[in-house]
Amino acid sequence: MKLRHKLLIIDDEPQIRRLIHAALARADYESVEASNAREAMERLREERPDITLLDLGLPDRDGLELVPLIKKESDTTLIVVSARDMTDEKVAALDLGADDYLTKPFDTDELLARVRVALRNRVSREGGTARVQAGDVSIDFMAHIVTKNGREVHLTPKEYGVLEQLAKFPGRVITHKQIMDHVWPHEHEHHVEYLRVLIRTLRQKLEDDPQRPRLIGNELGIGYRLRLEPEGE
């Protein structure tokens with residue numbers, strides 16, 4: 001199953017949100033929207049977007065004030081999309097932590113090009129490679145596609161989140177807490193049993209023999225690791 005990249009559109013103008021939403025949908029991206037700063041921070045926490053598109057002219061708070069808050073709250077890539085075209089505004093946004101700045105009016109093809117660059121940069125920063133091959137299982141970070149023996153495997157978003165965290169650091173033990181912080185970032189209490197359930201379902205879908213897992217290894221009481229060369233080969 002392909003899990004689409006998610007973008008958050010923060011803009012108080014409905015027509016702009018519709019324009020961006022339509023462009024993203026044509027490119028097979030998922031998008032959620034917010035019309036003011038309060039909604040924006042709620043959506044950011046709930047949706048965990050890969051990329052956030054931020055207009056600076058919001059009705060309840062200046063968008064520049066949101067830039068450091070957004071970067072502190074999440075690891076989303078932040079692209080400012082604003083009618084403010086003064087150099088000092090652009091410099092201020094970038095200095096505060098924005099990753100890119102696009103001036104309105106904009107061409108949707110340019111917007112999509114900026115999004116593609118941002119996604120490539122995320123892959124490079126987080127995983128170091130666009131794809132990981134572990135035995136007969138392939139994880140494509142850019143497309144969010146997992147295949148086994150060349151056939152796509154249906155994963156839920158949380159299952160993919162667990163596998164993604166293991167695949168970013170193949171061969172290394174990732175602790176229970178590290179995985180849960182990635183998959184359930186805003187829950188105050190983490191229950192290891194939830195993680196164990198996800199690991200069991202991942203093994204059902206990816207292992208040749210889920211009762212004797214060779215791909216996803218368990219370090220008792222510590223965490224899990226993804227083996228690039230499954231044990232026994």
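The model shown is predicted, which means the values in this text are computed figures rather than measured ones.

1. Details of the overall build of the chain
If you tally the helices and strands in the chain, you get eight helices and twelve strands. Computed over the C-alpha atoms, the radius of gyration of the chain is 20 Å, within 12% of the 17 Å expected from 2.2 N^0.38 for a compact globule of 233 residues. The principal-axis extents of the C-alpha atoms in the chain amount to approximately 60 × 35 × 25 Å. Counting the 233 residues in the chain, one finds 45% classified as buried. Taking contacts inside the chain between residues at least 6 apart in sequence as the whole, the part at least 24 apart equals 56%. Taken as a whole, the chain presents about 11,900 Å² of accessible surface, with 48% of it coming from carbon and sulfur.

2. Digging into the pattern of salt bridges
All told, the structure shown has 21 salt bridges when counted by the stated rule. Across the salt bridge formed by K71 and D99, the nearest N and O atoms sit 2.7 Å from each other. Residue K71 is located in helix 3 (residues 63-73), and its partner D99 is located in the loop between helix 4 (87-96) and strand 5 (100-103); the two are separated by 28 residues in the primary sequence. A residue is classified by how much of its surface remains accessible, and D99, at 42% relative accessible area, is partly exposed. When the shortest N-O distance is used, the salt bridge between E159 and K205 registers 2.7 Å. With E159 in helix 6 (residues 157-168) and K205 in helix 8 (residues 192-206), this residue pair connects regions lying 46 residues apart in the sequence. On the accessibility criterion, K205 (29% relative accessible area) is partly exposed. Through salt bridges with shared partners, one network takes in R38, E42, R43 and E46.

3. Quick notes on the pairing of strand 2 (residues 30-34)
Two strands pair when backbone bridges link them, and strand 1 (residues 6-10) and strand 2 are joined in this way by five bridges, in the parallel orientation. Bridge pairing in strand 2 links K6 to E30.

4. Topic: unusual backbone geometry
Residue K104 is joined to P105 through a cis peptide bond whose omega torsion reads -10°. With respect to the secondary-structure elements, P105 resides in the loop between strand 5 and helix 5 (108-126). You will see that R48, though not glycine, has its phi angle at about 50°, which is positive. Taking relative accessible area as the criterion, R48 reaches 39% and is therefore assigned partly exposed. Even without being glycine, N149 reaches a positive phi, approximately 55°. Relative to the elements of secondary structure, N149 occurs in the loop between strand 8 (145-148) and strand 9 (151-152). Relative accessible area serves as the criterion here: at 55%, N149 is assigned to the exposed category.

About the cut-offs
Residues numbered from 1 in each chain as written. Predicted model: local features only at pLDDT ≥ 70, side-chain atom pairs only at ≥ 80, totals over all residues. Heavy atoms only, no water. Helix = DSSP H or I, 4+ residues; strand = E, 2+ residues; numbered from the N terminus. Rg over C-alpha atoms; globule rule 2.2 N^0.38 Å. Buried < 20%, exposed > 50% of the residue type's maximum accessible area, 1.4 Å probe, protein only. Contact = heavy atoms within 4.5 Å. Areas by Shrake-Rupley, 256 points an atom, 1.4 Å probe, with all protein chains shown as cover. Salt bridge = Lys/Arg side-chain N within 4 Å of Asp/Glu carboxyl O. Pairing = 2+ DSSP bridges.

Take it as geometry only, folks, not as evidence of what the structure does.
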